[in-house]
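# Structural characterization, general
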Amino acid sequence: MAVSLKSYGACSFGANSLDRRGNGRWVSPQAAVVPNFHLPMRSLEIKNSTSSDEIKALRLITAIKTPYLPDGRFDLEAYDALMNMQIVNGAEAVIVGGTTGEGHLMSWDEHIMLIGHTVNCFGGSIKVIGNTGSNSTREAIHASEQGFAIGMHAALHINPYYGKTSLEGLVAHLEAVLSMGPTIIYNVPSRTSQDIPPSVIQQLAQHANMAGVKECMGNKRVKEYTDQGIVVWSGNDDECHDSRWGFGATGVISVTSNLVPGLMHEIMFGGTNTKLNSKLLPLMTWLFREPNPIGLNTALAQLGVVRPVFRLPYVPLPLARRIEFVNIVNELGREHFVGNKDVQVLDDDDFILVGRY
């Protein structure tokens, strides 16, 4: 005996499975339509606590190093000490989990936890800028929501890397995250393999949350932006003095300031100082001879500020370079560097390389 499809009810086929005459003919249900808008989870007290103008005024921003314990977990005690050294020596903000802080080697849980820890412990004394950028727009939005929800003052966003997109897609990606809160856009083609051209930045500069650009394409590009009233931070330590005093940059987002924050403060705040800049150039050259943060990790370990622990794929600089660093410290003066231990040349066996973390 034939059984009517009606007898199966809506659970089997859905409420719209039968046609309007109820004759048992199956009709494909319509897909749900999701409007193309985004409603960030926001607390007005947190979201309104920092304006883009406050971020635009920052001159010395340290891309802070993330130290590790021997098993590869975060060494928060060493991190807090390094943060305090930055504050005492005049850094106005930190980038948490950036390239220097190895955000790309963190799970998102670790990443957001470290941003939250930094805000909780130091957010009253220094601006906390969380690197919540990603080559996935979905991840960048979600991480930025979480970062602002836990109190970070601004976000750092990069253009999608490896899975490159068109210029139109690049604009759409960055516009999607600008709605979250004050944002610095980071242009570093040597790592992303795609330049963010001025045409894109000029379009995004109209957004109220666009604080400015960390620019690594040199001082010609810096001047192009500053002539248009767009805030720029130099992304190249060896160019930052001239960027600041010759090409209109607001300041620098610096790796070197992890080591000598007081001297970098003097470079950014004290006016033209070619003599001091020349003294710092050998240190800067040494730091970037291998991809960042290899040099910085090695240097901080030899200063005794962090444990000599590397999350792979990073490995320490070879012995000859480690000896060079000790000579640079002695030339500049140990008193200018963070920490209070004697600088030393570590042996190969002193370093711990962690593959599982």
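Residues numbered from 1 in each chain as written. Predicted model: local features only at pLDDT ≥ 70, side-chain atom pairs only at ≥ 80, totals over all residues. Heavy atoms only, no water.

For the protein, an unreviewed UniProt entry supplies the name 4-hydroxy-tetrahydrodipicolinate synthase and the organism Papaver somniferum. The protein has a UniProt comment under Sequence similarities (unreviewed entry) that states "Belongs to the DapA family." (UniProt positions renumbered as here; feature names shortened; annotations may be inferred.)

### Digging into empty space enclosed by the protein
Using the criterion set out here, one finds 2 cavities of 30 Å³ or more in the structure. In this structure, the second largest cavity occupies an estimated 30 Å³ of space. Along its surface, the second largest cavity is lined by A63, I95, G98, T99, T100, L156, Y186, K214 and I253. Of the residues that constitute the lining of the second largest cavity, the class distribution is 5 nonpolar, 3 polar and 1 charged. (1 Å grid on protein atoms, 1.4 Å probe; cavity = no way out; pocket = protein on both sides within 12 Å on 5 of 7 lines; lining within 4 Å. Points joined across faces, edges and corners; volume = space filled by probe spheres on them. Nonpolar A, V, L, I, M, F, W, Y, C, P; charged D, E, K, R; others polar.)

### Examining the pattern of salt bridges
A full pass over the atoms with the stated rule returns 13 salt bridges. Across the pair E139 and R138 runs a salt bridge, and its minimum N-O distance is 3.9 Å. Residue E139 is classed as partly exposed on the basis of its relative accessible area of 27%. For R138, a relative accessible area of 61% gives the class exposed. Between R221 and E215 there is a salt bridge, and its shortest N-O distance comes to 3.9 Å. Each member of the pair R221 and E215 is classed as buried. A single network of salt bridges, built from pairs that share partners, joins D195, E215 and R221. (Salt bridge = Lys/Arg side-chain N within 4 Å of Asp/Glu carboxyl O. Buried < 20%, exposed > 50% of the residue type's maximum accessible area, 1.4 Å probe, protein only.)

### Focus: the sheet that holds strand β7 (residues 232-234)
What holds strands together in a sheet is hydrogen bonding between their backbones, with the strands either parallel or antiparallel. Here we have 8 strands rolled up into a closed barrel, ordered β1-β2-β3-β4-β5-β6-β7-β8, and parallel in their pairing. Averaged over all neighbouring strand pairs, the angle between strand axes comes to 25°, with direction disregarded. Contacting β4 (154-158), β5 (183-187) and β6 (210-215), helix α7 (residues 167-178) runs over the sheet at an angle of about 170° to β4. (Pairing = 2+ DSSP bridges. Helix = DSSP H or I, 4+ residues; strand = E, 2+ residues; numbered from the N terminus. Axes fitted to C-alpha atoms, helices over the stretch in contact; angles between N-to-C directions. Contact = heavy atoms within 4.5 Å.)

### Some remarks on the layout of surface pockets
Which parts of space are left empty comes out when a probe the size of a water molecule is rolled across the atoms. Of the volumes computed, that of the largest pocket is approximately 460 Å³. Forming the boundary of the largest pocket are 19 residues, of which T99, H104, N131, I158 and Y161 lie nearest the centre. Taken together, the elements giving at least two residues each to the lining of the largest pocket come down to α5 (108-122), β4 and α8 (189-192). Partitioning the lining of the largest pocket into residue classes produces 7 nonpolar, 10 polar and 2 charged. Lining of the second largest pocket is provided by 19 residues; of these, C216, G235, N236, F288 and N292 occupy positions nearest its centre.

### Observations concerning the packing of aromatic side chains
Applying the stated criterion across every chain, the model contains 4 aromatic pairs. With a centroid separation of 5.8 Å and an interplanar angle of 75°, the aromatic rings of F310 and F351 are classed as edge-to-face. Of this pair, F310 sits in strand β9 (residues 309-311) while F351 is found in the loop between α15 (319-332) and β10 (352-354), placing the two residues 41 residues apart along the sequence. Taken individually, F310 and F351 each receive the classification buried, so the pair is uniform in this respect. A connected cluster of aromatic rings, assembled from ring pairs, spans W286, F325 and F337. The lysine or arginine in question, K214, covers the ring of Y186, its NZ or CZ lying 4.0 Å from the ring centre. (Phe/Tyr/Trp six-rings, centres within 6.5 Å; stacked < 30°, edge-to-face > 60°. Lys NZ or Arg CZ within 6 Å of the ring centre and 35° of its normal.)

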